[in-house]
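# Coordinate analysis (summary)
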Amino acid sequence: MLATALVLVAALLHAAWNTLIKFSAERLLVVACMDSVALLFVALALPFISLPPPEIWPWILASAAFELLYRYLLIQAYRVGDLGLVYPLMRGLSPLVVLALTLIFAGEVLTTQQIFGILLIPLGMACLLWQGGGGKHLPWAMLPVVALIGLCIGCYTYIDGQALRRWSHPLDYLVWVTLLSAWPFPLLAGVAKRPAFKLFWREQWKLGLAVGFCVLFSYALVLWAMKLGSIAEAAALREISVILVVLFGMRYLKEPFGRPRLLACGLVLVGMLVMKF
């Protein structure tokens, strides 16, 4: 139950920071501010953590690489698609990726009920391809980008879970991954958009702090949950954020809530209930 509670809180925080990024017109600057805040937090934690053993570094490097690609592609996708369409599509693919990697390479044993519940989630996401999810259509050219985002999420989730199986220090692992993945976007913003970046910090520092806190704390909770239980189940349960994001998009971004989005949310909810009960 603790692992489930951790994942659900993480899902709420994840939905919140994605909504904040979509809400802003300067998404690169928001991500740069988010990563700056994350870097500050992990830098403060450095004196209290341990150095990873040599065999963990390949996992940390791989996770950081997928995190960076994920951030870049996310900025591109949110430029053209509704939050309530892009987010569910990209998140819906990741449980399939984690499930496949876990069953093939990790030897994790899941019940038929758990597998069925996990599969219901991407099935729900597929509903969003019908009539643009009931809202603004996502250009077909962006579908490979969204699919690649889902692949990145699935890969770094699996990598994180396997790393924690080998090195049971979630906080230490979080700090080292963040140190490697959180500096490129602040550097890019500081070099390419220095005046705008400085102005953004002066005028919207509260937004930067909020997004940075949400992304870091959400990641920490998921790592803790994966240490306690099934990696594949944690990855799937986290997709409750899909329902939250669709609701946030409707409430704060005035996005429509058509039948495909309603059906997608329903299948995600049923999938989670099947997994847990």
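The name that an unreviewed UniProt entry assigns to the protein is EamA family transporter, with the source organism given as Pseudomonas glycinae. Word for word, the UniProt comment on the protein under Subcellular location (unreviewed entry) is "Cell membrane".

### As for the overall build of the protein
What the protein contains, in helices and strands, is 12 helices and 0 strands. Order of helices (α) and strands (β) in the protein, N terminus to C terminus: α-α-α-α-α-α-α-α-α-α-α-α. For the protein, the C-alpha radius of gyration of 18 Å lies close to 19 Å, the compact-globule estimate for 277 residues. For the C-alpha atoms alone, the extent of the protein along its principal axes is close to 45 × 45 × 30 Å. In the protein, buried positions account for 56% of the 277 residues. The long-range share in the protein, meaning contacts at least 24 apart out of those at least 6 apart in sequence, stands at 88%. Surface exposure of the protein reaches about 12000 Å², of which carbon and sulfur atoms provide 73%. A distance of 8 Å separates the average location of the 20 positive side-chain charges in the protein from that of its 12 negative side-chain charges.

### A look at the packing of helix α2 (residues 27-45) against helix α3 (residues 57-78)
Look at α2 against α3: their axes get within 10 Å of each other, and the N-to-C directions meet at 150°. Considered as vectors, α2 and α3 are oriented roughly antiparallel to each other. Of the two possible hands of crossing, α2 and α3 adopt the one that is right-handed. Every residue of α3 that contacts α2 at R27, L28, V31, M34 and D35 is listed here: R71, I75 and Y78. When its residues are assigned to classes, the contact of α2 with α3 shows 5 nonpolar, no polar and 3 charged.

### A word on helix α5 (residues 112-126)
Counted at 1.5 Å a residue, the expected span for α5 with its 15 residues is 21 Å, and the 22 Å between its end C-alpha atoms agrees. Among the residues making up α5, those that are buried are Q114, G117, I118, L120, I121, P122, G124 and M125.

### Observations regarding the packing of aromatic side chains
In total, this model carries 3 aromatic pairs according to the counting rule given. Ring geometry for W57 against W176: centres 5.6 Å apart, planes inclined by 70°, an arrangement best described as edge-to-face. Highlighted residues: W57 in helix α3 and W176 in helix α7 (residues 170-181), separated in sequence by 119 residues. By relative accessible area, W176 is classed as buried at 16%. Where F213 meets F217, the ring centres are 5.4 Å apart and the plane angle is 25°; that geometry is what we call stacked. A residue pair is termed a helical-turn pair when its members lie 3 or 4 positions apart in one helix, as F213 and F217 do in helix α9 (residues 194-228) at 4 residues. By relative accessible area, which is 38% here, F217 ends up partly exposed.

### With respect to the nonpolar core
Grouped together as the largest cluster of nonpolar side chains are 89 residues, with contacts concentrated most on W17, I21, Y70, Y78, M90, I149 and Y173. With 13 residues, the top contributor of residues to this core is α9. Not counting the four nearest positions on each side in its chain, Y173 is found in contact with W59, I60, S63, I159, D160, A163, L164, W167, Y219 and L223.

### Observations regarding the side chain of R71
Tracing the backbone through its elements, the reader meets R71 in helix α3. There is a polar contact of 3.1 Å between the side chain of R71 and the side chain of D35. Leave out the neighbours within four places in its chain, and R71 touches V31, M34, D35, S181 and F185.

### Details of the UniProt feature "transmembrane region" (unreviewed entry) in the protein
The UniProt record annotates "transmembrane region" (unreviewed entry) at residues 28-49, 56-73, 138-159, 171-192 and 204-224. Secondary structure across residues 171-192 divides into 91% helix and 0% strand, with the first and last C-alpha atoms of the span separated by 32 Å. End C-alpha to end C-alpha, residues 204-224 measures 31 Å, and it is 100% helix and 0% strand.

### Details of a nonpolar patch on the surface
Taken together, the side chains of L69, Y72, L148 and L151 present a nonpolar region at the surface, about 330 Å² in accessible area. Those elements giving two or more residues to the nonpolar patch turn out to be α3 and α6 (143-166). With respect to the secondary-structure elements, L69 resides in helix α3.

### Quick word on the environment of A15
Assignment of secondary structure puts A15 in helix α1 (residues 2-23). Classification of A15 by relative accessible area gives buried; the value is 0%. Spatially, the C-alpha atom of A15 lies 5.3 Å from that of V245, the residues being 230 residues apart in sequence.

What counts as what
Residues numbered from 1 in each chain as written. Predicted model: local features only at pLDDT ≥ 70, side-chain atom pairs only at ≥ 80, totals over all residues. Heavy atoms only, no water. UniProt positions renumbered as here; feature names shortened; annotations may be inferred. Helix = DSSP H or I, 4+ residues; strand = E, 2+ residues; numbered from the N terminus. Rg over C-alpha atoms; globule rule 2.2 N^0.38 Å. Buried < 20%, exposed > 50% of the residue type's maximum accessible area, 1.4 Å probe, protein only. Contact = heavy atoms within 4.5 Å. Areas by Shrake-Rupley, 256 points an atom, 1.4 Å probe, with all protein chains shown as cover. Lys, Arg positive; Asp, Glu negative; His and termini not counted. Charge placed at Lys NZ, Arg CZ, Asp CG, Glu CD. Axes fitted to C-alpha atoms, helices over the stretch in contact; angles between N-to-C directions. Parallel < 35°, antiparallel > 145°, perpendicular 65-115°, else oblique. Left-handed = near helix turned anticlockwise from the far one by under 90°. Nonpolar A, V, L, I, M, F, W, Y, C, P; charged D, E, K, R; others polar. Expected span 1.5 Å × (residues − 1). Phe/Tyr/Trp six-rings, centres within 6.5 Å; stacked < 30°, edge-to-face > 60°. Core = buried A, V, L, I, M, F, W, Y, C linked by side-chain atoms within 4.5 Å. Polar contact = N/O pair within 3.5 Å; in protein donor to acceptor, adjacent residues only side chain to side chain. Patch = residues over 30% accessible without salt bridge, like charges linked within 9 Å, V, L, I, M, F, W, Y side chains within 5 Å. Salt bridge = Lys/Arg side-chain N within 4 Å of Asp/Glu carboxyl O.

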